[in-house]
Amino acid sequence: MWDFSTDPEFQKKLDWIDRFLIEEVEPLDVLFPSVSVVYNTRHEASRAILKPLQDEVKRQKLWACHLGEELGGEGYGQVALALMNERLGRSLWAPTVFGTAAPDTGNAEILAMFGTPQQKERYLQPLLDGDIVSCFSMTEPQGGADPRVFTTTAVREGGHWVINGEKWFSSNARYAEFVLVLAVTDPEAPIQKRMSMFIVPRETEGLEIIRNAPYMGERLEMDEATEGYLHYNNVRVPLDHMLGEQGGGFAVAQARLGGGRVHHAMRIVGQCQRALDMMCERALSRRTQGTLLADMGTVQTMIADSQIELEQFRLLVMKTAWIIDRSHGDPRQARAHIAMVKVGMAKIYHDIVQRALHLHGSLGATFETPLAYMWMNVPTFGLADGPTEVHRVTVARELLRRYKPAEGMFPSEHLPPKIAAARARYAHILNH
Ligand SMILES: Cc1cc2nc3c(=O)[nH]c(=O)nc-3n(C[C@H](O)[C@H](O)[C@H](O)COP(=O)(O)OP(=O)(O)OC[C@H]3O[C@@H](n4cnc5c(N)ncnc54)[C@H](O)[C@@H]3O)c2cc1C
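Residues numbered from 1 in each chain as written. Predicted model: local features only at pLDDT ≥ 70, side-chain atom pairs only at ≥ 80, totals over all residues.

## Describing the overall build of the protein chain
Stated formally: Secondary structure elements are defined from DSSP: runs of H or I of at least 4 residues count as helices, runs of E of at least 2 residues count as strands, and each element is numbered from the N terminus. C-alpha atoms define the radius of gyration, and 2.2 Å times the number of residues to the power 0.38 defines the globule rule. The exposure scheme places C-beta atoms from the backbone and then counts, for each residue, the other C-beta atoms within 10 Å of its own, assigning buried at 20 or more, exposed at 12 or fewer, and partly exposed in between. Here contacts are defined at the residue level, using C-beta atoms placed from the backbone and a cut-off of 7 Å between them.
Assigned secondary structure in the protein chain consists of 17 helices and ten strands. Here the C-alpha radius of gyration of the protein chain, 25 Å, is about what a compact globule of 432 residues would show, namely 22 Å. In the protein chain, which comprises 432 residues, the share counted as buried stands at 40%. Across the protein chain, every contact between residues at least 6 apart in sequence was considered, and the portion connecting residues at least 24 apart equals 72%.

## Remarks on helix α9 (residues 249-285)
How we decide: The length a helix should cover is 1.5 Å for every residue beyond the first.
Between its first and last C-alpha, α9 extends 54 Å over 37 residues, near the 54 Å set by a 1.5 Å rise per residue. Across the 37 residues of α9, 27 count as buried, placing the element largely inside the fold.

## A look at the site of the ligand
Threshold: Each residue receives a C-beta atom built from its backbone; the residue is near a molecule or strand if that atom lies within 6 Å of it. Throughout, the ten residues Ala, Val, Leu, Ile, Met, Phe, Trp, Tyr, Cys and Pro are labelled nonpolar, Asp, Glu, Lys and Arg are labelled charged, and all others, Gly among them, are labelled polar. Just so you know, the domain bounds were taken from an automatic or database domain assignment.
Of all residues adjacent to the ligand, which total 21 residues, the nearest are M138, G144, A145, S171 and E389. For the shell around the ligand, the secondary structure elements donating two or more residues are β1 (134-137), β3 (160-171), α14 (380-383) and α15 (388-400). Counting residues per element, the shell around the ligand draws most heavily on β3, at three residues. Residues belonging to the shell around the ligand are distributed by class as follows: ten nonpolar, eight polar and three charged. Built from parts of two domains, the shell around the ligand gets at least three residues from each of domain 2 (134-243) and domain 3 (251-400).

## Some points on the domain arrangement of the protein chain
Examined at the domain level, the protein chain breaks down into domain 1 (8-115), domain 2 (134-243) and domain 3 (251-400). The centre of domain 2, based on its C-alpha atoms, is set 30 Å off from the matching centre of domain 3. Counting from both sides, the interface comprises eight residues of domain 2 and, opposite them, eight residues of domain 3. Each residue belonging to the side of domain 2 that touches domain 3 can be placed in one class, and the counts come to seven nonpolar, one polar and no charged.

## Quick word on the UniProt feature "domain: Acyl-CoA dehydrogenase/oxidase N-terminal" (unreviewed entry) in the protein chain
Keep this limit in mind: UniProt positions are given in the numbering used here, feature names are shortened, and annotations may be inferred rather than shown by experiment.
Within this numbering scheme, the UniProt entry marks residues 48-131 as carrying the feature "domain: Acyl-CoA dehydrogenase/oxidase N-terminal" (unreviewed entry). Here residues 48-131 is 60% helix and 0% strand, with 13 Å between the C-alpha atoms at its ends.

## Considering the pairing of β3
So the rule is basically this: Between any two strands, at least two bridges found by DSSP are needed for them to pair.
Taken together, the five bridges between strand β2 (residues 153-157) and β3 define a ladder with antiparallel strand orientation. Bridging across to β3, T153 finds its partner in N164. Hairpin connection between β2 and β3: a loop of two residues separates the two successive antiparallel strands, and G158 in this loop has a positive phi of roughly 60 degrees. Where β3 lies against strand β7 (residues 227-238), nine bridges are found, and the strand directions are antiparallel. For E166, the partnering residue across the bridge sits in β7 and is H231.

## Some details on the environment of G72
When you line up the elements, G72 lands in the loop between α3 (44-59) and α4 (78-88). On the neighbour-count criterion, G72 (15 C-beta atoms within 10 Å) is partly exposed. When the C-alpha positions of G72 and N377 are compared, they lie 31 Å apart, and in sequence the two are 305 residues distant. Once you skip the residues sitting within four places of it in the chain, G72 turns out to touch L67, A112 and L128.

## Let's talk about the packing of helix α1 (residues 8-31) against α4
The criterion, for reference: Axis definition: a line fitted to C-alpha atoms, over the contacting stretch in the case of helices. Angles run 0 to 180 degrees between N-to-C directions. When describing relative orientation, an angle under 35 degrees is termed roughly parallel and one over 145 degrees roughly antiparallel, while 65 to 115 degrees is termed roughly perpendicular and anything else oblique. Handedness of a crossing is defined here by the sense of rotation of the near helix relative to the far one, left-handed for an anticlockwise turn of less than a right angle and right-handed for a clockwise turn.
Running from N to C, α1 and α4 cross one another at 15 degrees; their axes reach a closest spacing of 10 Å. Overall, the two elements α1 and α4 adopt an arrangement that is roughly parallel. For the crossing formed where α1 meets α4, the hand is right-handed. Across the interface between the two elements, F10, L14, I17, D18 and L21 from α1 touch A80, L83, M84 and R87 from α4. Among the residues making up the contact of α1 with α4, the classes are represented as seven nonpolar, no polar and two charged.

## Some words on the packing of helix α6 (residues 104-114) against α9
It is the contact of α6 with α9, at a shortest axis distance of 9 Å, that shows an interaxial angle of 140 degrees. For the element pair α6 / α9, the angle class is oblique. Crossing handedness for the pair α6 and α9: right-handed. Two secondary-structure elements touch here, α6 through T105, G106, E109, I110, M113 and F114 and α9 through V252, A255, R256, L257, G259, G260 and H263. Split into classes, the residues belonging to the contact of α6 with α9 amount to six nonpolar, five polar and two charged.

## Points about the UniProt feature "domain: Acyl-CoA dehydrogenase/oxidase C-terminal" (unreviewed entry) in the protein chain
UniProt records the feature "domain: Acyl-CoA dehydrogenase/oxidase C-terminal" (unreviewed entry) at residues 247-400, using the numbering of this structure. Secondary structure over residues 247-400 splits into 81% helix and 3% strand, and the C-alpha atoms at its two ends are 29 Å apart.

## Structural notes on α6
For α6, a buried count of nine out of eleven residues is recorded, marking the element as mostly surrounded by other parts of the structure. The complete set of buried residues in α6 reads D104, T105, G106, N107, A108, E109, I110, L111 and F114.

## Side note on the environment of A406
Relative to the helices and strands, A406 resides in the loop between α15 and α16 (415-425). Look at A406 and you get exposed, because 11 C-beta atoms sit within 10 Å. Excluding its chain neighbours within four sequence positions, the residues that come into contact with A406 are P411 and S412.

Here it is, written out as structure tokens:
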């Protein structure tokens, strides 16, 4: 069956979310518009507002909905999550208010999937409760998109693993209670078996932040930089701090990144919708040379193109979510679609935010609307969780898997043999 309707009971929850976001969450966005505050669990003023909001979300049974029931979540599924996330994506704080903020969502997913009961109790539970934040430490300074060049190692010494190396862009390491780090444990093994994942409590001796690199818009002088450049200097963790099995780190990372990518895409739908809403209001409000912007052909083209592209992208995201819901945990089934939304989100976000900003003229280029904040985030979606080029390769490879070469010298769609075959098929009529 093809059905694009929303379950009426779940629609009530979505309506509640819409009201809650406007009345309770948007004020947080304008009071604390810095990512560094969102993840800083010691920032007292924001936490005093945040905690009661999180409690209300839990009462509404809308907390941490990225996790299935078997992993401790509500189990609404990815399609429902997509409907939620396209609302939450409009706001900087909403994902934290609803317990679905990256990178903690992905980290919680792999702890739930691969963690031992002890690891879940110590690290997953406080993460799910929203009491702490975590960090994912995979990218290395000499090359993030290519895991073959990773050099951080973990060597077993008695009852410990000893980790040495450098990691780059470990987001929010400075605020995290623990870090999930990918390290080479079997250097001679093929890439899929070469690395293992470890849980490192942030206060472990030898885990040093060389510096926090300021991502676009983060002000060094305000101490806002969030991207940790980390040095693992003989960092010792007990054997039971390996997440998953030895040599299984690549698979753990892949499991994490798949969910993270599609959740970003769901939120991008919301961000784009917000930019488009602003574009339409602006077009209906602003006159130039005696004409309303909305009555100008070029402006109508910008609005129409944005609406068409957003509708297409939203359907692709929803279909991806639908495939994940039906895949029974088999990551291969949604691989091509996740790569498609990963590529698509970088482009659509760029195009729609650019048009909305442009239509707002100089005002759009200031920090007096959300558009400049959105614009600074544009490059993120083409880089974080792997650059666009790499995901294009995945899309092409997955597609080509379904094809085989033509049998002869000419393509199978070559018309001369088809015409001859068609003539033969209907010869009895044609000859008559
Ligand atoms: C906002 C943000 C947050 C992030 N958070 C985290 C985090 O929490 N933890 C973490 O571990 N990492 C994080 N990253 C890092 C991210 O995963 C890497 O930036 C990404 O994998 C690319 O690696 P790189 O930056 O080293 O670029 P490189 O690997 O040096 O790639 C640079 C460019 O080379 C080209 N290129 C690379 N590979 C190919 C290819 N196969 N084919 C064609 N062209 C190619 C692309 O144009 C690419 O953009 C974050 C990044 C950003 C921007």
